[in-house]
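Architecture at a glance
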Amino acid sequence: MASVFLQPVRHYSKKAAINHVLVIGGGLMGSGIAQITAAAGMKVTLVDQSQDVLKKAVSGIESSLGKVARKQFGEDKEKADKFVKTAVELIQTTTDAQQPAQFADLIIEAIVENLDTKKTLFTSLDKAASNHTIFTSNTSSLSITDIAAATKRQDRFGGLHFFSPVPMMKLVEVVRIEGTSDATFDALFDFAKKVGKVPVACKDTPGFIVNRLLVPYIMEAVRMLERGDASAEDIDTAMKLGAGYPMGPLELADFVGLDVCKMIIDGWHKNDKAQPLFFPSPMLNKLVGEGKLGRKSGSGFYDYKAQQAKQAKSGR
């Protein structure tokens with residue numbers, strides 16, 4: 001996976017096929033997107049500022065592809081090895097996004113959830129990329145319209161919101177802004193299908209479909225806990241047994257990360273202070289301020305360290 005790029009001979013059409021995808025961001029989401037794109041037979045260039053992050057990403061991709069191959073091919077080791085080798089060979093890595101941007105058919109941004117950072121990136125990419133290149137963001141909470149404003153290709157800009165872990169989660173929200181052309185939207189919808197996902201269409205509304213419904217649901221559970229209406233355990237048990245949900249809202253908040261929940265709701269509230277569904281929560285703010293971020297920190301609405309100690313003591 002060298003960082004050498006040969007300039008291809010391009011034959012343009014009104015709707016260029018997506019054969020080369022540039023993924024910006026080598027974290028969990030970016031590497032997952034790179035994996036499924038390569039597994040679908042497309043060339044991928046994965047970009048990150050850190051070589052260490054890229055090495056870790058490639059190692060994780062190979063390991064994940066191995067699991068997919070074993071599940072798909074069972075005892076046929078030859079086919080499994082060929083599947084992994086073929087996909088990995090389609091992935092290049094580099095710390096420079098400008099050169100591969102010249103030849104990419106599609107760019108998917110999966111970097112930190114910061115509007116200014118994303119706009120700065122897309123401003124530079126807009127100058128480097130070919131006119132036919134489609135730009136997308138994997139943001140889960142920011143406005144695609146606001147991000148696209150940093151470019152001069154409103155008609156070739158949209159959202160591709162994948163879910164974590166990308167190789168396992170089937171859904172992709174395909175988001176169109178006011179300027180997104182039908183050709184661009186159709187190409188993004190087709191791409192989502194090509195990488196084995198189920199696409200759903202959505203306008204550029206806060207949180208798109210899933211988070212627009214999910215985050216207010218979580219926040220209402222937090223407010224119930226704040227008011228003392230019910231305990232965390234009873235709120236979660238009620239939704240699991242009464243609504244058939246696999247996790248309760250407060251368990252889910254701890255799983256997602258309380259800092260992530262706070263970041264999303266704060267961003268929405270900043271843009272629409274009159275919407276009561278977007279009001280911040282003093283309890284959530286306090287927990288995040290104390291470093292209690294959920295499962296990843298060991299405590300949030302629940303004390304996971306205490307649970308682990310109890311399980312260890314009981315020999316489970």
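Residues numbered from 1 in each chain as written. Predicted model: local features only at pLDDT ≥ 70, side-chain atom pairs only at ≥ 80, totals over all residues. Heavy atoms only, no water.

Scanning the protein chain from N- to C-terminus turns up 13 helices and eight strands. A principal-axis box enclosing the C-alpha atoms of the protein chain has dimensions of 65 × 55 × 35 Å. Burial analysis of the protein chain (316 residues in total) assigns 45% to the buried set. Of the contacts made within the protein chain by residues no fewer than 6 positions apart, 65% connect residues no fewer than 24 positions apart. By element, 55% of the accessible surface of the protein chain is carried by carbon and sulfur atoms, the whole surface being about 16,400 Å². The protein chain carries 40 positive and 35 negative side-chain charges, and their two centres are separated by 3 Å. (Helix = DSSP H or I, 4+ residues; strand = E, 2+ residues; numbered from the N terminus. Buried < 20%, exposed > 50% of the residue type's maximum accessible area, 1.4 Å probe, protein only. Contact = heavy atoms within 4.5 Å. Areas by Shrake-Rupley, 256 points an atom, 1.4 Å probe, with all protein chains shown as cover. Lys, Arg positive; Asp, Glu negative; His and termini not counted. Charge placed at Lys NZ, Arg CZ, Asp CG, Glu CD.)

Let us look at the sheet that holds strand β6 (residues 157-162). Judged by pairing direction, the sheet is mixed, and its eight strands sit side by side in the order β3-β2-β1-β4-β5-β6-β7-β8 without closing on themselves. Sheet topology places β3 (91-94) and β8 (198-203) at the edges, where each strand pairs with a single neighbour. Averaged over all neighbouring strand pairs, the angle between strand axes comes to 25°, with direction disregarded. (Pairing = 2+ DSSP bridges. Axes fitted to C-alpha atoms, helices over the stretch in contact; angles between N-to-C directions.)

The pairing of strand β7 (residues 171-176) with β8 spans six bridges and is parallel. Bridge pairing links V174 to A201 in β8. Handedness of the crossover joining β7 and β8 through helix α7 (residues 182-194) is recorded here as right-handed. (Right-handed = clockwise from strand over helix to strand, strands pointing away.)

Mapping T123 onto the fold places it in helix α5 (residues 115-128). Taking the relative accessible area as the measure of exposure, T123 reaches 31% and is therefore partly exposed. Residues T123 and A150 lie 27 residues apart in sequence; the distance between their C-alpha atoms is 5.3 Å.

The next point concerns the nonpolar core. V21, L106, L160, F162 and F191 are the most contacted members of the largest nonpolar core, which totals 38 residues. The element that contributes the greatest number of residues to this core is α7, accounting for six residues. Those residues in contact with L160, other than ones at most four positions away along the chain, are L106, I108, T136, S137, N138, V172, E173, V174, L188 and F191. Formed by 24 residues, the second largest nonpolar core is a distinct cluster that contains V222, C261, V288 and Y304. (Core = buried A, V, L, I, M, F, W, Y, C linked by side-chain atoms within 4.5 Å.)

For R212, the position within the fold is in helix α8 (residues 210-227). For the pair formed by R212 and W268, sequence separation is 56 residues and the distance between their alpha carbons is 10.0 Å. The residues contacting R212, other than those within four sequence positions of it, are P206, G207, W268, Q275, L277 and F278.

Enumeration over the complete set of coordinates arrives at 15 salt bridges. With a closest N to O distance of 2.7 Å, D81 and K77 form a salt bridge. Residue D81 and its partner K77 are both found in helix α3 (residues 77-89); the two are separated by four residues, about one turn of the helix. With a relative accessible area of 38%, D81 lands in the partly exposed category. (Salt bridge = Lys/Arg side-chain N within 4 Å of Asp/Glu carboxyl O.)

Glancing now at unusual backbone geometry. The general pattern is negative phi for most residues beyond glycine and trans for most peptide bonds. The step from S164 to P165 runs through a cis peptide bond, and the omega angle for that step is -5°. Residue F208 is not a glycine yet carries a positive backbone phi of 60°. Within the secondary structure, F208 sits in the loop between β8 and α8. F208 gets classed as buried once you look at its relative accessible area, which sits at 3%.

A word on helix α1 (residues 28-39). Taking 1.5 Å of rise per residue, 12 residues should cover 16 Å, and α1 covers 17 Å from first to last C-alpha, within 8% of that figure. Most of α1 sits inside the fold, with 10 of its 12 residues counted as buried. Taken residue by residue, α1 has M29, G30, S31, G32, I33, A34, Q35, I36, T37 and A38 as its buried positions. Positive phi appears at G41, one or two residues downstream of α1, with a value of about 95°. (Expected span 1.5 Å × (residues − 1).)

When you line up the elements, A38 lands in helix α1. Separated by 45 residues in sequence, A38 and F83 place their C-alpha atoms 10 Å apart. Not counting residues within four places of it along the chain, the set of residues in contact with A38 comprises V44, A87, L90 and I91.

Turning to helix α11 (residues 258-271), a few remarks are in order. Taking 1.5 Å per residue, 14 residues should reach 20 Å; α11 reaches 20 Å between its end C-alpha atoms and fits that length. Residues of α11 that are buried: L258, C261, I264, I265, W268 and H269. All buried residues of α11 project into a common sector of 130° when viewed along the axis, lining one side. Counted as exposed and oriented over 90 degrees from the buried face of α11: K270 and N271. Tucked into the core, α11 has its buried residues touching α8, α10 (249-256) and α12 (282-289). (Arc of directions from axis to C-beta.)

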